[in-house]
Amino acid sequence: MAKIIVVTSGKGGVGKTTSSAAIGTGLALKGHKTVIIDFDVGLRNLDLIMGCERRVVYDFVNVINKEATLSQALIKDKRTKDLFILPASQTRDKDALTIEGVQEVLEELSKEFDYILCDSPAGIEKGAQMALYFADAAIVVTNPEVSSVRDSDRILGILQSKSKRAEENKEPIEEYLLLTRYHPGRVALGEMLSVSDVEDILAIPLLGVIPESEAVLKASNQGTPVILDTASEAGIAYSDAVDRLMGEERPLRFLDVQKKGFIKRLLGG
């Protein structure tokens, strides 16, 4: 049986789809057969981040409506052999998703895959609740800003009360915090919350801290998961996060302000 992981957030623009792409790719690189499902019906960004938008013929809603089979809709990633993408529809709205339809798709995927990542839309509306309903684990993505953290706290409440596990009084969903767009310099100036501030508020295990990095935007524009950029701080941080998800110990990196070397100071860099 596959492990179903929802990647969620209370607020948009925090790097949720970037994180889904990176973590899904990281799991596949470790030899786990992985599928990422885009639950953001009507917007559809996952295929852009993954660089497979031109290969989309059928989508998640087509499968739910029996207009296509899973094998027709799944897109195999060209770079990572164990990774597949199930894109969202760009022409439907989120009401096209039904609990019964989503369950049927997840059950069929569970027969073949080790991990199913559900890339949730932001917020608490229907699409987001569909994405988290069947989850075994949740990665809550947040920025180190008060509004983002507050909205993430609200998502934790929904995970604990409106998931299938909660309804059936089963073991609760595993919860992990992924802190993105972290800038140590701005934290030092008091312009951002620190890692410990966010941990104190949300009180869930910290999966990783992803530093603010131009590499993320560059990778998105190129349609490449940033975890494949092994020279970038963001790529390394995502790789560490995947290792922690697998139960491995990894020290946190990129939390401190980097001091400029002599040459950089001399050149004003």
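So, here's what we can say about the structure. (Residues numbered from 1 in each chain as written. Predicted model: local features only at pLDDT ≥ 70, side-chain atom pairs only at ≥ 80, totals over all residues. Heavy atoms only, no water.)

### Some remarks on the pattern of salt bridges
And step 1. Evaluation of the coordinates by the stated rule reveals 18 salt bridges.
And step 2. A salt bridge links Asp77 to Arg79, with the nearest nitrogen and oxygen atoms 2.9 Å apart.
And step 3. What makes Asp77 buried here is its relative accessible area of 7%.
And step 4. Here the salt bridges share partners, and the residues they tie into one network are Lys30, Asp243, Glu248 and Arg250. (Salt bridge = Lys/Arg side-chain N within 4 Å of Asp/Glu carboxyl O. Buried < 20%, exposed > 50% of the residue type's maximum accessible area, 1.4 Å probe, protein only.)

### Things to note about helix 6 (residues 126–133)
And step 1. Within helix 6, six of the eight residues are buried, which leaves it mostly tucked inside the rest of the structure.
And step 2. Here helix 6 has its buried residues at Gly127, Ala128, Met130, Ala131, Leu132 and Tyr133.
And step 3. The elements touched by buried residues of helix 6 are strand 1 (3–8), helix 5 (99–110), strand 5 (115–119), helix 7 (146–162) and helix 8 (164–167). (Helix = DSSP H or I, 4+ residues; strand = E, 2+ residues; numbered from the N terminus. Contact = heavy atoms within 4.5 Å.)

### Re unusual backbone geometry
And step 1. A positive phi angle is found at Lys66, which is not glycine, with a value near 65°.
And step 2. If you trace the backbone, Lys66 turns up in the loop between helix 3 (60–64) and helix 4 (70–73).
And step 3. Lys66 sits in the exposed class, given a relative accessible area of 57%.
And step 4. The backbone of Asn169 shows a phi angle near 55°, a positive value even though the residue is not glycine.
And step 5. Judged by relative accessible area, which is 73%, Asn169 ranks as exposed.

### Topic: the packing of aromatic side chains
And step 1. All chains considered together, the criterion is met by three aromatic pairs.
And step 2. A ring pair is formed by Phe84 and Phe113, whose centres lie 5.5 Å apart and whose planes are at 80°; its orientation type is edge-to-face. Of this pair, Phe84 sits in strand 4 (residues 83–86) while Phe113 sits in the loop between helix 5 and strand 5; the two residues are 29 residues apart in sequence, bridging distant segments of the chain.
And step 3. Taking 4.8 Å as the distance between ring centres and 90° as the angle between the ring planes, the aromatic pair formed by Tyr133 and Phe134 counts as edge-to-face.
And step 4. Note on Tyr133: relative accessible area 14%, which makes it buried.
And step 5. According to the relative accessible area criterion, Phe134 is buried, its value standing at 11%. (Phe/Tyr/Trp six-rings, centres within 6.5 Å; stacked < 30°, edge-to-face > 60°.)

### What to know about helix 1 (residues 16–29)
And step 1. The terminal C-alpha atoms of helix 1 lie 20 Å apart, and with 14 residues this matches the ideal 20 Å at 1.5 Å per residue to within 8%.
And step 2. In terms of residue burial, helix 1 counts as a mostly covered element, since 13 of its 14 residues are buried.
And step 3. A positive backbone phi angle near 95° is found at Gly31, which sits one or two residues after helix 1. (Expected span 1.5 Å × (residues − 1).)

### So, the sheet that holds strand 3 (residues 75–76)
And step 1. The strand order 3-4-2-5-1-6-7-8 describes an open sheet built from eight strands, whose pairing is mixed. Two strands bound the open sheet, and with one partner strand each, they are strand 3 and strand 8 (206–211).
And step 2. With six bridges joining them, strand 6 (residues 137–142) and strand 7 (residues 174–182) adopt parallel strand pairing. Of the residues in strand 7, the one forming a bridge with Val140 is Leu177.
And step 3. The sheet strands contacting helix 7 are strand 1, strand 6 and strand 7, and the helix crosses strand 6 at an angle near 165°. (Pairing = 2+ DSSP bridges. Axes fitted to C-alpha atoms, helices over the stretch in contact; angles between N-to-C directions.)

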